[in-house]
Amino acid sequence: MVIPPMTECMSFHDGNVTQDELDYYAQHTGGVGLFITAVAYVNELGKGFEGELSIADDKYLPGLKKLASAIQQNGTKAIIQIFSAGRMSSTAILRGQQPVSASAVKALRAGSETPRALTEPEIEETIEDFGAATKRAIDAGFDGVEIHGANTYLIQQFFSPNSNQRTDQWGGSFENRTKFPLAIIAKVHQVVAQYAKKPFIVGYRISPEEIEKPGITFEDTLKFVDILKDQPIDYLHVSMGDVWRKSLNDPKVTTPLNETIQQHLQGKVPMIVVGDVQTPQDAEKAADANFELIALGRQILREPQWVQKVEADDEKSIRYAISPADLDELGIKPPFLDILLALTGPNGIPLTTAQQVDRQDANAGLDHFLGGGE
Ligand SMILES: Cc1cc2nc3c(=O)[nH]c(=O)nc-3n(C[C@H](O)[C@H](O)[C@H](O)COP(=O)(O)O)c2cc1C
């Protein structure tokens, strides 16, 4: 069982780890095998949210060390997710700087800003920044990194024919659009080979489709998975809001996407599946389908002892709903609560009806967290 990355917006304004975050991680760890942190930005232009974790400088190391240790209880491995938000940021978050992307193409989302295209030297620097972030993760004592190639952020923006309309070696053909993600994997691998003194996990996360046209099709993703299976990665994490989801675009696809992706991996790379796993039966169904690793996102927020309770045959006491009175015990502070409320839908964290109604307007624009295409 895995805890997937969940941004909690509880870091300091400058990206430093807070005690609130340490408490939250400590409260939820110790049952699962892997705990993947909220995403951390690898350089200043990569910041995507206020209160986001940073791995962009050595000055963050003391906090990152505490974060790794807070997670590493009872054998749980601590993985830090690393990214650049690319065009999914704003001049406000970047303190006056324009967001960057593969091309100067705006996301189809209310309030999006037109980014500027990264220059070739900046692309090379960004790849180096992923390497430097990996070195910091090693130095901080993490057990691995997850490269965030999903949920519409910079790496996906390079892979997508929608956001990548470059005409140089980093865009155009399918091969050119895979160059940036593959260069990052190669860089991360090189840093691990050079600096890690014990086994260090490298995961990669994808979103299998986009809804824009042109956009990433499932066919593109399968071609990419065929390449990823031979890369130096230890797992592939498929970001979706439902483990059993079919195509967003093609109603003729009758097999869950995860099953087809797994076939393409040919047993070479284990998979993490995620999306609306709540009950032990949900997890069992995914395990019976031979998915190697199963992630519990929002449900572990409601029930931090989920794994321990299943192990102890105490499934009846698993909590599936929480109220505002539970938030302190769960380590969920106001900025985190705001994201959760914005996401509250059929699969969200049920809170009071009044609060749900109050927050309805905030719903727009956060569905990318759940791995829905854009
Ligand atoms: C509050 C919140 C924050 C999230 N932040 C991230 C993130 O930082 N990186 C990421 O790849 N996915 C993020 N996700 C997506 C989750 O990793 C996961 O894929 C999604 O919640 C579906 O799983 P679930 O149904 O078990 O919650 C976030 C989801 C939620 C609810």
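Residues numbered from 1 in each chain as written. Predicted model: local features only at pLDDT ≥ 70, side-chain atom pairs only at ≥ 80, totals over all residues. Heavy atoms only, no water.

(A) Seen up close, the overall build of the chain. Helix and strand content of the chain: 13 helices and twelve strands. Against the globule reference of 21 Å for 374 residues, the chain gives a C-alpha radius of gyration of 19 Å, in line with a compact fold. On the principal axes, the C-alpha backbone points of the chain span a range of 55 × 50 × 45 Å. Considering the chain as a whole, with its 374 residues, one finds that 59% of them fall into the buried category. Surface exposure of the chain reaches about 14,800 Å², of which carbon and sulfur atoms provide 51%. Taken together, the 34 basic and 51 acidic charged side chains of the chain have centroids lying 2 Å from each other. (Helix = DSSP H or I, 4+ residues; strand = E, 2+ residues; numbered from the N terminus. Rg over C-alpha atoms; globule rule 2.2 N^0.38 Å. Buried < 20%, exposed > 50% of the residue type's maximum accessible area, 1.4 Å probe, protein only. Areas by Shrake-Rupley, 256 points an atom, 1.4 Å probe, with all protein chains shown as cover. Lys, Arg positive; Asp, Glu negative; His and termini not counted. Charge placed at Lys NZ, Arg CZ, Asp CG, Glu CD.)

(B) Geometry of the confidence of the model for the chain. Scored by pLDDT, the chain comes out at a mean of 93, with 92% of its residues at no less than 70. Ranking the elements of the chain by mean pLDDT puts helix α13 (residues 353–358) last with 46 and helix α3 (residues 120–139) first with 99. Between residues 353–365, whose pLDDT stays under 50, and residues either more than four places distant or in other chains, the model counts eleven contacts. (pLDDT = per-residue confidence, 0-100. Contact = heavy atoms within 4.5 Å.)

(C) Fine view of the pairing of strand β8 (residues 144–149). Extensive coverage of β8 is indicated by the burial of six of its six residues. The two faces of β8 match: G144, E146 and H148 on one face and V145, I147 and G149 on the other face are all buried. Bridging between β8 and strand β9 (residues 201–206) involves six bridges; their strand directions are parallel. Counted as the bridge partner of G149 is I206 from β9. (Pairing = 2+ DSSP bridges.)

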